[in-house]
Amino acid sequence: MTMPSPRFPDSVLTARRLLASDAPPRGEDSSAAIAAALQQTCLRVCGSLSDSFGDDGCNALFTRALARAEAQHPTLRDLRRADHDTIFLEGVAGTAALHGVVPVSAAIEALLAALVDILSRLIGEDMATRLINHEAPRQKGGGAPRP
Amino acid sequence: MTALEQPIIRNIPTGVPGLDSVLGGGLCEYSFNLVAGPPGTGKTTLVQQIMFANATAERPALYFTVLGEPTVKMIRYQQQFDFFDPAKVPSVVRFVNLSKEATSGNLDEVLGRIVAEVSNIEPSLVAVDSFRTIGTSGGSWGDRAAVDLAQFVQRLALQLTTWEITSFLLGEYSEQEQRHPVFTVADSILWLTEDVDRNSAVRKLRAVKVRGRAPMPGLHTFRITRRGMEVFPRIPEQQRDRPPRSLRRLGTGVPGLDEMTGGGIPEGDVVMLTGPTGSGKTTFATQFVAQGLSQNERCVVAVFEEFPEAYLARAKTHPVDFSASIAADQLQVIYLRPLDLSVDEMLAEVLAAVHRIGASRVVIDSLSGFEIALAPTFRVDFRESLYRLVGALTATGVTVLMTSEVVESMSEARFTNERVSFVTDDIITQRYVEIGGHLVKVLAVVKMRGSEHATDFRSYSLSDKGAVIGESLSGYHGITTGVPTLDSDGVSVTLPKQPRGPAPHGP
């Protein structure tokens, strides 16, 4: 099975930009650092989407993106929880350690590209990019802690 | 406290056409508002329209979604509206999902998250959609839960007001649920409903309460289009300030009719022209418009029985170029035929046109078509609807000519449509009579308020040049029976030639 072509070709570029923003600087790009950066990007995107859509909304988007990308990137199956309904983004670094940084980097890029493409189909490319890139504001003192 | 010491409560314009009038000027700043109604009545659209109209980078908006329509779907659908500015999301209008806190059932957690987000963003506008799901996710709520919810609502209102926020809680409440604590705490309650009657559905809004303002009472219809929501207030602003009655007379454009009416139609009057089908009502009304245009007056015509193109095509027989008048903003032809129209919506359209071009003459052609275009719920009280329509139009100083079809037999004369004639100043009626084996069109001026007028029946003719009044039938009696006879001492009357076949003009 091949991954369906994205309707929004820029989704791959958006995914690359997302990954690049967390990538370790040259000279510090050990496999472990790259793996940690991959995981950081996934969690950051998940955090942004959860902020707008809730945990369930974010999970639904990631789960569908996973379903689209894992056929070409079998390493992504490690991120699927046993219940098959949720995704385990905290396991990205471990998956990279197990399978190697290169294939997992490609897999995560495909996962994020699929995510951007799916969300763009639903709410438009511009809005999708805005919400994915949006970082939840940092807490000021005195506010209740974020869950 | 003296007037100088009173706190100033600033009005926030809603950005929803017509709604500020209903609210008594707009929303009170820092008010805690409830938008309630059944599903699908437009609560989310209303509040998002207000938010996008008011939110700025300095004064952002926070839109909390709870359990209900998933946010991704909400954004997908709301983007279809013109008011939804994607550039404002998420920096100016930010969507935050509260479903995790809401499903926990812990109201402190919900309040904590709201306060945390508010303290981070410092918004000027906050919405919680749907508020009904908070504290009642289990379905019903017992005594203890009710107390907790009441406390939660009060603390939330306190927090949001302290942060100087104008807030909106949206909820799918029914009329029977008004014991919910949010109804007590809310500064204003807007109730949205949808009346379904036979095949028509009409959306209505009611300002149940607006603290600190005098809202417009009653139910106000509204429509949701691509532009968003538009409210049609029952009592337009103009009705409160009527101009003094004018002594000027307006020419009708129908040769001979001005003489019958005592010099033309008094400016600012409401004239009803009644007659059976084919009697030339539209022709008379068109000549009334043409006469106005020839005098450099501006006119609005609301047509219900034909498309504007057809109306303009028929008007081409007049020396005045109607199409050129439209291009020059001297004439606006309004076509309203949706079958679920509200009187207020029609009135809003006509008033907008009157103000836009500065019209002094308005033609409604015809009341019969207008009544059919109305949703059934408004047809039931057509008299009341027409009363409001006419009152609002004449308050602007325009002269209104309405045509109305009456169904009559040859033996029974109905001078007016008694259901609607009470709102008029002047009545001109047309009818058919049979004279010498010919069907003859005659008319009479039944009523000219405060003015002398001819009382005799006169024949008239219709041709491709328009309507022309003929001679008096004062030599006849029994005209109202439909079969007049010549008085024994009467003079002979030469009746105008009537065109053969169907009348070239008229509905």
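This is a predicted model, so every value here is computed, not measured. (Residues numbered from 1 in each chain as written. Chains lettered and ligands numbered in written order. Predicted model: local features only at pLDDT ≥ 70, side-chain atom pairs only at ≥ 80, totals over all residues. Heavy atoms only, no water.)

### Considering the overall build of chain B
Then comes step 1: Counting its regular elements, chain B contains 15 helices and 24 strands.
Then comes step 2: Taking all 507 residues of chain B together, 54% fall into the buried category.
Then comes step 3: For chain B, contacts bridging at least 24 residues in sequence account for 70% of all contacts bridging at least 6.
Then comes step 4: In the structure as shown, chain B presents an accessible area of about 21100 Å², 52% of it carried by carbon and sulfur atoms. (Helix = DSSP H or I, 4+ residues; strand = E, 2+ residues; numbered from the N terminus. Buried < 20%, exposed > 50% of the residue type's maximum accessible area, 1.4 Å probe, protein only. Contact = heavy atoms within 4.5 Å. Areas by Shrake-Rupley, 256 points an atom, 1.4 Å probe, with all protein chains shown as cover.)

### Section: the overall build of chain A
Then comes step 1: On a plain count of helices and strands, chain A comes out with 5 helices and 0 strands.
Then comes step 2: Counting from the amino terminus, chain A carries its helices and strands in the arrangement α-α-α-α-α.
Then comes step 3: Just so you have it, chain A exposes about 7100 Å², and 54% of that area is on carbon and sulfur atoms.

### Quick look at the packing of aromatic side chains
Here the distance between the centres and the angle between the planes together describe a pair of aromatic rings.
All names here are of chain B.
Then comes step 1: Going through the model one piece at a time under the given rule, you end up with 12 aromatic pairs over all chains.
Then comes step 2: Between the aromatic rings of Phe-52 and Phe-84, the centroid separation amounts to 4.5 Å while the plane-to-plane angle is 40 degrees, which identifies the pairing as tilted. Pair noted here: Phe-52 is in helix α2 (residues 43-54) and Phe-84 is in the loop between α3 (71-78) and β5 (93-97), with a separation of 32 residues, a long-range link. Accessibility classification places Phe-52 together with Phe-84 in one group, the buried group.
Then comes step 3: Ring centres 5.2 Å apart and planes at 40 degrees place the aromatic pair Phe-304 and Phe-370 in the tilted group. Of the two residues, Phe-304 sits in the loop between β15 (299-303) and α10 (308-315) while Phe-370 sits in helix α13 (residues 367-373), which places them 66 residues apart along the sequence.
Then comes step 4: Judged by relative accessible area, which is 3%, Phe-304 ranks as buried.
Then comes step 5: Note on Phe-370: relative accessible area 0%, which makes it buried. (Phe/Tyr/Trp six-rings, centres within 6.5 Å; stacked < 30°, edge-to-face > 60°.)

### Overview of the interface of chain B and chain A
Then comes step 1: Chain B puts 26 residues into the contact, and the matching count from chain A is 24 residues.
Then comes step 2: Each partner contributes to the roughly 2000 Å² buried at the junction of chain B and chain A, and carbon and sulfur atoms together form 55% of this total.
Then comes step 3: At the surface where chain B touches chain A, the tally comes to 3 salt bridges.
Then comes step 4: For Arg113(B), the salt bridge goes to Asp51(A), with nearest N and O atoms at 3.3 Å.
Then comes step 5: Here chain B and chain A share 13 residue pairs in polar contact (both at pLDDT 80 or more) between them.
Then comes step 6: When residues of the side of chain B that touches chain A are traced back to their parent elements, those giving at least two are α3, β5, α4 (99-104) and α5 (107-121) of chain B.
Then comes step 7: When residues of the side of chain B that touches chain A are assigned to their parent elements, the largest contribution, 7 residues, is made by α5(B).
Then comes step 8: Taken together, the residues of the side of chain B that touches chain A sort by class into 11 nonpolar, 8 polar and 7 charged. (Buried area = accessible area lost by both parts, 1.4 Å probe. Salt bridge = Lys/Arg side-chain N within 4 Å of Asp/Glu carboxyl O. Polar contact = N/O pair within 3.5 Å; in protein donor to acceptor, adjacent residues only side chain to side chain. Nonpolar A, V, L, I, M, F, W, Y, C, P; charged D, E, K, R; others polar.)

### Observations regarding the pattern of salt bridges
Then comes step 1: Going through the model one piece at a time under the given rule, you end up with 32 salt bridges over all chains.
Then comes step 2: Salt bridges linked by common partners bring Asp51(A), Arg94(B), Glu101(B), Arg113(B) and Glu117(B) together as one network.

### So, the packing of helix α3 (residues 92-99) of chain A against helix α4 (residues 101-123) of chain A
All names here are of chain A.
Then comes step 1: At a closest axis distance of 7 Å, the pairing of α3 and α4 adopts a crossing angle of 140 degrees. Between α3 and α4, the angle is such that the two are oblique. Contacts between α3 and α4 pair Val-92, Thr-95, Ala-96 and His-99 from the former with Val-101, Pro-103, Val-104 and Ile-108 from the latter.
Then comes step 2: For the contact of α3 with α4, a count of residues per class yields 6 nonpolar, 2 polar and no charged. (Axes fitted to C-alpha atoms, helices over the stretch in contact; angles between N-to-C directions. Parallel < 35°, antiparallel > 145°, perpendicular 65-115°, else oblique.)

### Topic: the confidence of the model for chain B
Residues and elements named next belong to chain B.
Then comes step 1: Per-residue confidence for chain B gives a mean pLDDT of 84; residues scoring 70 or more make up 87%.
Then comes step 2: Every residue in residues 499-507 is under pLDDT 50, and counting partners more than four places away or in other chains gives 21 contacts.
Then comes step 3: Confidence estimates for the predicted assembly give a pTM of 0.76 and an ipTM of 0.71. (pLDDT = per-residue confidence, 0-100.)

### Some thoughts on the nonpolar core
Then comes step 1: The biggest cluster of nonpolar side chains holds 77 residues, and the ones touching the most others in it are Phe62(A) and Ile108(A).
Then comes step 2: Sorting elements by how many residues they give to this core places α4(A) first, with 14 residues.
Then comes step 3: The residues touching Phe62(A), leaving out its near neighbours within four places in the chain, are Cys42(A), Val45(A), Cys46(A), Ile87(A), Leu89(A), Leu111(A), Leu112(A) and Leu115(A).
Then comes step 4: Counting residues in hydrophobic clusters, the runner-up holds 36 residues, among them Val300(B), Leu347(B), Leu367(B) and Phe370(B). (Core = buried A, V, L, I, M, F, W, Y, C linked by side-chain atoms within 4.5 Å.)

### Description of α3(A)
Within an α-helix, residues lying three or four positions from one another point in the same direction, as the helix has 3.6 residues per turn.
All names here are of chain A.
Then comes step 1: Those residues of α3 that sit buried are Val-92, Thr-95 and Ala-96. Down the axis of α3, the sector holding all buried residues measures 100 degrees, keeping them to one side. Of the exposed residues in α3, those oriented more than 90 degrees away from the buried face are Ala-97 and Leu-98.
Then comes step 2: For α3, the elements touching its buried residues are α2 (31-69) and α4. (Arc of directions from axis to C-beta.)

### Thoughts on the pairing of strand β11 (residues 228-232) of chain B
Residue and element names in this part refer to chain B.
Then comes step 1: Across the 5 residues of β11, 4 count as buried, placing the element largely inside the fold.
Then comes step 2: Taken together, the 5 bridges between strand β10 (residues 220-225) and β11 define a ladder with antiparallel strand orientation. Following the sheet pairing, Ile-224 is matched in β11 by Met-229.
Then comes step 3: Between β10 and β11, which pair antiparallel and follow one another directly, the connecting turn spans 2 residues. (Pairing = 2+ DSSP bridges.)

### Quick notes on the confidence of the model for chain A
Then comes step 1: Taken as a whole, chain A shows an average pLDDT of 86; of its residues, 86% reach a score of 70 or greater.
Then comes step 2: Of the regions scoring below 50 in pLDDT, residues 141-147 of chain A engages in 15 contacts with residues more than four places distant in sequence or in other chains.

### What to know about the environment of Val16(B)
Residue and element names in this part refer to chain B.
Then comes step 1: Checked against the element boundaries, Val-16 lands in the loop between β1 (11-12) and α1 (19-22).
Then comes step 2: What makes Val-16 buried here is its relative accessible area of 4%.
Then comes step 3: Sequence separation between Val-16 and Val-231 is 215 residues, and the spatial gap between their C-alpha atoms is 7.1 Å.

### Regarding the sheet that holds strand β22 (residues 466-472) of chain B
All names here are of chain B.
Then comes step 1: Spatially, β16-β15-β17-β18-β14-β19-β20-β21-β22 is the arrangement adopted by the 9 strands of the open sheet, whose pairing is mixed. Looking at which strands have only one partner, the edges of the open sheet turn out to be β16 (331-335) and β22. Averaged over all pairs of adjacent strands, the angle between strand axes in this sheet comes to 25 degrees, irrespective of strand direction.
Then comes step 2: The pairing of strand β17 (residues 361-365) with strand β18 (residues 399-405) spans 4 bridges and is classified as parallel. Bridge assignment links Ile-364 to a residue of β18, and that residue is Met-402.

### Here's the deal with unusual backbone geometry
Residues and elements named next belong to chain B.
Then comes step 1: Geometrically, the link from Val-89 to Pro-90 is a cis peptide bond, its omega value of 0 degrees lying close to zero.
Then comes step 2: Mapped onto the fold, Pro-90 is located in the loop between α3 and β5.
Then comes step 3: Each neighbour pair has its own omega, and for Asp-129 with Ser-130 the value is 0 degrees, a cis peptide bond.
Then comes step 4: Tracing the sequence through the fold places Ser-130 in the loop between β6 (125-129) and α6 (143-162).
Then comes step 5: Backbone geometry at Tyr-30 places phi at a positive 65 degrees, although glycine is not the residue there.
Then comes step 6: Tracing the backbone through its elements, the reader meets Tyr-30 in the loop between β2 (27-28) and β3 (32-36).
Then comes step 7: Exposure remark for Tyr-30: the relative accessible area of 28% places this residue in the partly exposed category.
Then comes step 8: With phi around 60 degrees, Asp-329 is a residue other than glycine that occupies positive phi space.
Then comes step 9: Here Asp-329 shows up in the loop between α11 (322-327) and β16.

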